Amino acid sequence: MDNFEQALTALQQGEVIAYPTEGVFGVGCDPDNPQAIQKLLTLKQRPVEKGLILIAANYQQLVPYIDESQLTEQQLQTVQATWPGPYTWIMPTSDKVSDWVSGQFDSIAVRVTDHPLVQQMCLAFGKPITSTSANLSGLAPCMTTEEVEQQLGDQLVAILRGTTGGRDKPSEIRDAKTLQVLRQG
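Residues numbered from 1 in each chain as written. Predicted model: local features only at pLDDT ≥ 70, side-chain atom pairs only at ≥ 80, totals over all residues. Heavy atoms only, no water.

**Considering the sheet that holds strand β3 (residues 53-56)**
Picture the strands of a sheet paired through backbone hydrogen bonds; they go either parallel or antiparallel.
Thought 1: If you walk across this open sheet you meet the 9 strands as β7-β1-β2-β6-β3-β5-β4-β8-β9, and the pairing is mixed. The open sheet is flanked by β7 (158-159) and β9 (181-183), the only strands paired with a single partner. (Pairing = 2+ DSSP bridges. Helix = DSSP H or I, 4+ residues; strand = E, 2+ residues; numbered from the N terminus.)

**Structural notes on helix α7 (residues 145-152)**
Thought 1: Those residues of α7 that sit buried are T145, V148 and L152. Viewed end-on, α7 has its buried residues packed into an arc of 65°, placing them on one side of the element.
Thought 2: Elements that come into contact with the buried residues of α7 comprise β1 (17-20), β2 (25-28), α2 (34-44) and β7. (Buried < 20%, exposed > 50% of the residue type's maximum accessible area, 1.4 Å probe, protein only. Arc of directions from axis to C-beta. Contact = heavy atoms within 4.5 Å.)

**Notes on the environment of I55**
Thought 1: Within the secondary structure, I55 is located in strand β3.
Thought 2: For the pair I55 and V24, spaced 31 residues apart in sequence, the C-alpha to C-alpha distance is 13 Å.
Thought 3: When sequence neighbours within four positions are dropped, the list of residues in contact with I55 reads Y19, T21, E22, R111, T113, V118, C122, P128, I129, T130 and S131.

Rendered as structure tokens:
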């Protein structure tokens, strides 16, 4: 079984995996599995209120998680024009999204990735996965498989081997309703 299959199986079994993204390594799990999200939050020492990003292979994978009716055609076009790419958008949540994912917000952070390995994983998994930087709270995000192994290796079932997209920062975050930049990329 190659590394990709191992990581996919871990996701399907409700485990947390690490994987390379556009800028840094991320850790993620099944967004519809509260037990998996609990494992992720424990691993990251991250409060549930902060919410998580969903990363997907294409826009269609995100549609069940967002409430498009709260956005204008213009807002949706603006968002979709940036994808696939290193742009994370805050969008209104659908009823499908649990508090485990959205945290204290009535919105959700979503991204269509341009990282080929992550696209492949989301397509094989059949839906988005959660994405938060691979690091313990307070430490710098991991940039390589080796750094992930040092910081989190004993707590992860699988690390999808690969390289990041070469950007040196996490993705830019913007609000789909106001189009404001909330975090510079």
